[in-house]
Amino acid sequence: MTPPPLLLTAHSAAALLLLLGPDPARAPKRRRRGEAGGSDPDAEASDPAPAPPEQEPPPPPAPVALPLPPTSLDHYPLAFRVSAPTFNFLSGLLDPLLSDPSLPPSPVLLALALARLASGLPYPALAARFGVPPSAPRAASRRLRRVLLANFRFWLAFPSDPSSGAYSAPLPSCRGALCCARFDGPGGPLAAQLVAGASSRVLSLAAGFRGDRTDIEVLRLSSLYQEVEQGRVLEPGQYLVGDGGGYPLLPWLMVPFRGPVVPGSPEAAFNSAHRAMCRPVRRAVRSLMGWGAISRLHEEESPRAAVACIGTCAMLHNVLLTREDYSALAPDEAEAESDLGEVQSQGDGTGAGSEGFEVDTRASVLRSALAATMRDLRAPD
């Protein structure tokens, strides 16, 4: 029987992947040069289940209920962290860029790469589930990362229209919240600096810094700092808010009033509004950490591959939000803010004036003026 054409609809996606199910005839004859052998560190589960009393071997790291390949349209969010329509959108968009005559069809490459990102499954396990050569999942992951980072960097950028990224409330003229997250990379902790807008869309991402650097050090080393200081990115009067206690007060970076504040005062209202402004960026970080490959980032072959993985997940996060696909969006729960404790703010807690920054009078005046506007606004806690 003639196989179905390349993926164009969700139904043809399921059909194509089913055709590529485990099949001894498709077993590879040899490994591609450089492919890892049977001692791949990915083969171990990050949190193996306890052995039963009979001392039977623990179950494999893959969740038993994970539908790979998906056999239903409802399985796509579980298998790929994207809906079936979004999978088809990405397949049609990336088909000419992902195609390679030496690899499986581009829809299968996309499925393999998304399955790796969504589940964090070891490459050999993915190859066995999809019935493809052992080298295919790793090649698919590398290819997707290369295509996205080389051709779609505009998915991780501030909107060209300055007003489209601004907040109307609770703080006027604010274009986003800045935070520094830390991930367990293959060579040790990695720091990544993010800016997110009101919808939790990632507007700026700089990753690959050593995890032991403070938030201020990461900020000063980032291109975002240079661009803002040179008058780019932000219009006059616009600013970001800094999440965590490691950032200084700058004319374009607002931090909370430190120390005890009088309840009901403008300073208390400003701090409350500031916390509300930081929730979207925390939600974005939680969403990124929900990708299985991020949770097993230490198993990537190099820090460079880990950084590319972070960038790819951030791009996909934005694509999903643009398409109103919330398959990979973390819940908007205020109590979940504390979940970022060990991966977020890292500094000496002194704020403005630390690490070589001097207290800027303009910044203090702007913050006081913003606090004064809070008198008639009720910002959420």
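Cut-offs applied
- Residues numbered from 1 in each chain as written.
- Predicted model: local features only at pLDDT ≥ 70, side-chain atom pairs only at ≥ 80, totals over all residues.
- Heavy atoms only, no water.
- pLDDT = per-residue confidence, 0-100.
- Contact = heavy atoms within 4.5 Å.
- Helix = DSSP H or I, 4+ residues; strand = E, 2+ residues; numbered from the N terminus.
- Polar contact = N/O pair within 3.5 Å; in protein donor to acceptor, adjacent residues only side chain to side chain.
- Disulfide = S-S within 2.5 Å.
- Expected span 1.5 Å × (residues − 1).
- Buried < 20%, exposed > 50% of the residue type's maximum accessible area, 1.4 Å probe, protein only.
- Phe/Tyr/Trp six-rings, centres within 6.5 Å; stacked < 30°, edge-to-face > 60°.
- Lys NZ or Arg CZ within 6 Å of the ring centre and 35° of its normal.
- Salt bridge = Lys/Arg side-chain N within 4 Å of Asp/Glu carboxyl O.

Novice: Describe the confidence of the model for the protein, naming the residues involved and giving the relevant values.
Specialist: Scored by pLDDT, the protein comes out at a mean of 80, with 72% of its residues at no less than 70. Of the regions scoring below 50 in pLDDT, residues 1–55 engages in 75 contacts with residues more than four places distant in sequence or in other chains. Counted against residues more than four places away or in other chains, residues 335–344, with its pLDDT under 50, gives 20 contacts.

Novice: Break down the environment of Arg367 for me, citing the residues and quoting the values.
Specialist: Turning to its location among the elements, Arg367 is positioned in helix H12 (residues 361–373). Counting along the chain gives 116 residues from Arg367 to Pro251, while the straight-line C-alpha distance between them is 8.7 Å. Those residues within four positions of Arg367 in sequence are excluded, and the remaining contacts are Leu249, Met254, Val255, Pro256, Phe257 and Phe270. At 3.1 Å, the side chain of Arg367 and the backbone oxygen of Val255 are in polar contact.

Novice: Requested: an account of the side chain of Arg116, with residues and values cited.
Specialist: Relative to the elements of secondary structure, Arg116 occurs in helix H4 (residues 106–119). Of note is the side chain of Arg116, whose polar atom sits 3.4 Å from the side chain of Glu300.

Novice: Which residues make up the state of the cysteines, and what are the values?
Specialist: Here, disulfide denotes a covalent bond that connects the sulfur atoms of two cysteines. Scanning the model with the defined rule gives zero disulfides in all. With no disulfide of its own, Cys174 lies closest to Cys278 among cysteine sulfurs, the gap being 8.2 Å. Here Cys313 stays free of any disulfide, with the sulfur of Cys309 as its closest cysteine sulfur at 4.4 Å.

Novice: So what's going on with helix H6 (residues 135–151)? Residues and values would help.
Specialist: With 17 residues, H6 should cover 24 Å at 1.5 Å per step; its first-to-last C-alpha distance of 24 Å lies within 8% of that length. Burial analysis of H6 places 12 of its 17 residues in the buried class, which makes it a mostly covered element. The inward-facing, buried residues of H6 abut helix H3 (84–98), H4, helix H5 (123–130) and helix H11 (303–322).

Novice: Tell me what's going on with the packing of aromatic side chains, and back it up with residues and numbers.
Specialist: Enumeration according to the criterion identifies eight aromatic pairs in this entry. Ring geometry for Phe152 versus Trp155: centroids 4.5 Å apart, planes at 25°, classification stacked. Each member of the pair Phe152 and Trp155 is classed as buried. On the basis of an interplanar angle of 80° and a centroid distance of 5.5 Å, the ring pair of Phe257 and Phe270 is categorised as edge-to-face. Taken as a pair, Phe257 in the loop between strand S5 (253–254) and helix H9 (266–289) and Phe270 in helix H9 lie far apart in primary sequence, 13 residues in all. Side by side, Phe257 and Phe270 carry an identical accessibility label, which is buried. By the ring-pair criterion, three or more aromatic residues cluster together here, those being Tyr76, Phe80 and Phe87. Directly above the ring of Trp291 sits Arg81, whose terminal nitrogen or CZ lies 5.1 Å from the centroid.

Novice: An account of unusual backbone geometry is requested, with residue identities and associated values reported.
Specialist: Cis rather than trans, the peptide bond between Leu68 and Pro69 has omega equal to -10°. Among the secondary structure elements, Pro69 is positioned in the loop between helix H1 (10–19) and helix H2 (76–80).

Novice: Which residues make up the pattern of salt bridges, and what are the values?
Specialist: According to the stated counting rule, one finds 10 salt bridges in the structure shown. In this structure, Arg116 and Glu300 form a salt bridge, with 3.4 Å as the shortest nitrogen-oxygen distance. Here Arg116, found in helix H4, pairs with Glu300, found in the loop between helix H10 (292–295) and H11; they are 184 residues apart in sequence, far enough to count as distant. By the burial criterion, Arg116 is buried, and Glu300 matches it. A salt bridge links Arg138 to Glu301, with the nearest nitrogen and oxygen atoms 3.3 Å apart. Of this pair, Arg138 sits in helix H6 while Glu301 sits in the loop between H10 and H11, and the two are 163 residues apart along the sequence.

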